[in-house]
Protein chains: 2
Amino acid sequence: MGTTHFLDQALKLEAAPADADHYTGTASPAYWNMVGPFGGTTAATVLQAVMQHPKRLGEPIALTVNYGAALGPGAFTVTARAVRTNRSTQHWRIDLSQADAEGAPQLVTTATAVTAARRDTWGVSDMPMPSAPLPHEVESSKLDFRVEWPRRYDMRAILGDVPTQWNETESQADPAEASLTRLWVRDEPPRPIDFPALAAMADVFYPRAWLRRPKLVPAGTVSFTVYFHADSALLDATGDGHLLAQARAQAFRNGFFDQSAQLWNQAGALLATSHQIVYYKE
Amino acid sequence: MGTTHFLDQALKLEAAPADADHYTGTASPAYWNMVGPFGGTTAATVLQAVMQHPKRLGEPIALTVNYGAALGPGAFTVTARAVRTNRSTQHWRIDLSQADAEGAPQLVTTATAVTAARRDTWGVSDMPMPSAPLPHEVESSKLDFRVEWPRRYDMRAILGDVPTQWNETESQADPAEASLTRLWVRDEPPRPIDFPALAAMADVFYPRAWLRRPKLVPAGTVSFTVYFHADSALLDATGDGHLLAQARAQAFRNGFFDQSAQLWNQAGALLATSHQIVYYKE
């Protein structure tokens, strides 16, 4: 009672008194990864600045986050500017900066977002939810994580869980499934989903390079895009239930692989699709 | 023989004498669409500014272009800034602006790009080129285009050509193919491919909403992302040959649909994958 959810703590942004474009926050230890917070949390933070901006028009359609450097511990600044406002769409530029050891602000993350007033139109989904056992029929991952952020999610892998043997033998599966992970995921503890939380969940997949060979190599997202197919009414209807999420790569080449992901609610509605390009070593 | 290719004319950018970040160009009538140049040309222009920037490190990995407004005829300004340079990756922010009727600069397009020094690593492609007849076995599209830009491409549709009957009957094809277009494409006349040309070709697909129903509705790209899997050596090897390109949507909902695309050279190498979210009416 009165306990703020980890994610709400992580996304807490204070608006600067005289400038609605500037926000300050604190990097969340609860979502810590190897050298900074989980990239999904950073994406959610950037989007949160747009969500609470007094000039925002409509709801998120697209978000692209470019990870220039690891966010370190402590305070950071987010600047969110509506750089172009049309009748029904609005274009945002968002920067996340942090002071270096000498106190000079360093740009850590650049992002863009588009928000829009959505209208009822004809529509259809061509990406039906794959058949899957129900969440309670799948075991929660109990991996001995060495980092903190996976503990903030309940993840139940159906296909493509984190390998336990790093034998460097390329998967012989069908190319469409050789790098595929499919899982149920929700915030832990449960939390009603909103756009920032959905953006973060689109990034919960461990690096596809770990699965495809499998080999445990350094890897990090360079650029991450989320397209929101859900509006807030659909997110409200989704509530705090598990999402079925899946991700696969199309190509691994010369230090970079791509990843495409889809997220459905338990009723089978496609909430978001997402893409990223990821650096990997060796 | 001294004749500059249409695309090189369109991409011609003059650097400002005292500021390497600023470039001026002219909107190309040769690539005109309904109310401005073809969006692919705009994406190529934005990337061209990065390519010719004296501070550029490495080759393009990712490009995201957000279309805020239609570019009109005449002069425009591109500002390309390396906002974060790491040991092997570099993050760019690019803006395209144009003076309005009163001469005041208006932001038309915002973009981000990542360039990187690529290294030899393990790699694999999980998106093999689909089997297709050879380019010379497929007829060039001879549609009576009402706009100029499609004349700048040789496009040979194998699947999902522009509908000729707008009967508003939803496709009954398998969801994976209901919005699928597959075609051979190259610049017309032929031109050795480079990164800007590849970015433009990732956007040659007419709106998926036209195919899926089919109904001829207003539609326009809102945000467009290209991931480059090719390096310049592979582009050099590709030369001016046709690319096999395909695109499909995953969801159409409340005025926006997504599109994912892949482009291979004729030898079967995946050169780029691309994603976009597109506004549509009704």
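Residues numbered from 1 in each chain as written. Chains lettered and ligands numbered in written order. Predicted model: local features only at pLDDT ≥ 70, side-chain atom pairs only at ≥ 80, totals over all residues. Heavy atoms only, no water.

**Structural notes on the overall build of chain A**
On a plain count of helices and strands, chain A comes out with 5 helices and 14 strands. Over its C-alpha trace chain A gives a radius of gyration of 19 Å, about what one expects of a compact globule, namely 19 Å for 282 residues. With the principal axes as the frame, chain A shows a C-alpha extent of 55 × 50 × 45 Å. For chain A, buried positions account for 59% of its 282 residues. Across chain A, the fraction of contacts at a sequence separation of at least 24, relative to all contacts at a separation of at least 6, is 71%. Accessible surface for chain A amounts to roughly 11300 Å². Of this, 52% is attributable to carbon and sulfur atoms. (Helix = DSSP H or I, 4+ residues; strand = E, 2+ residues; numbered from the N terminus. Rg over C-alpha atoms; globule rule 2.2 N^0.38 Å. Buried < 20%, exposed > 50% of the residue type's maximum accessible area, 1.4 Å probe, protein only. Contact = heavy atoms within 4.5 Å. Areas by Shrake-Rupley, 256 points an atom, 1.4 Å probe, with all protein chains shown as cover.)

**Structural notes on the environment of T273 of chain B**
Structurally, the position occupied by T273 of chain B is in strand 14 (residues 270-280). Along the backbone, T273 of chain B and A101 of chain B are 172 residues apart, and their C-alpha atoms lie at a distance of 38 Å. For T273 of chain B, the residues in contact, after removing those within four places along its chain, are Q250 and D258 of chain A together with T225, V226, Y227, H229, A261 and Q262 of chain B. One polar contact links T273 of chain B to H229 of chain B, side chain to side chain, over a distance of 2.9 Å. (Polar contact = N/O pair within 3.5 Å; in protein donor to acceptor, adjacent residues only side chain to side chain.)

**Remarks on empty space enclosed by the protein**
Empty space among the atoms becomes apparent when a probe as large as a water molecule is rolled across them. In this structure the tally under the stated criterion is 3 cavities of 30 Å³ or more. Size it by volume and the largest cavity reaches roughly 60 Å³. Ranked by residue count, the leading element in the lining of the largest cavity is helix 2 (residues 39-51) of chain A, at 3 residues. Tallied by class, the residues present in the lining of the largest cavity amount to 6 nonpolar, 5 polar and no charged. By volume, the second largest cavity is sized at about 40 Å³. Considering the residues around the second largest cavity, the lining is formed by A10, T26, A27, S28, P37, T41, T42, T45, L71 and F76 of chain B. Looking at the lining of the second largest cavity, the element that brings in the most residues is helix 2 (residues 39-51) of chain B, giving 3 residues. (1 Å grid on protein atoms, 1.4 Å probe; cavity = no way out; pocket = protein on both sides within 12 Å on 5 of 7 lines; lining within 4 Å. Points joined across faces, edges and corners; volume = space filled by probe spheres on them. Nonpolar A, V, L, I, M, F, W, Y, C, P; charged D, E, K, R; others polar.)

**Regarding the pairing of strand 10 (residues 219-228) of chain B**
Residue and element names in this part refer to chain B. Most of strand 10 is tucked away, with 7 of its 10 residues classed as buried. In terms of strand pairing, strand 3 (residues 59-67) meets strand 10 through 5 bridges, oriented antiparallel. Across the sheet, residue L63 finds its bridge partner in strand 10, namely V226. (Pairing = 2+ DSSP bridges.)

**Section: helix 2 of chain A**
Compared with the 18 Å implied by 1.5 Å per residue over 13 residues, the 18 Å span of helix 2 of chain A between its first and last C-alpha is a close match. With 13 of 13 residues buried, helix 2 of chain A lies mostly within the body of the structure. (Expected span 1.5 Å × (residues − 1).)

**Remarks on the interface of chain B and chain A**
Across the contact, 64 residues belong to chain B and 64 residues belong to chain A. Contact with chain A buries area across many residues of chain B, yet W122, D126 and Q250 of chain B alone supply 14% of it, more than any other trio. Linking chain B with chain A are 4 salt bridges, by the criterion used here. Measuring nitrogen to oxygen at the nearest pair gives 2.8 Å for the salt bridge that ties D95 of chain B to R93 of chain A. Where chain B packs against chain A, one counts 43 residue pairs in polar contact (both at pLDDT 80 or more). Across the side of chain B that touches chain A, the residue classes tally to 25 nonpolar, 24 polar and 15 charged. (Buried area = accessible area lost by both parts, 1.4 Å probe. Salt bridge = Lys/Arg side-chain N within 4 Å of Asp/Glu carboxyl O.)

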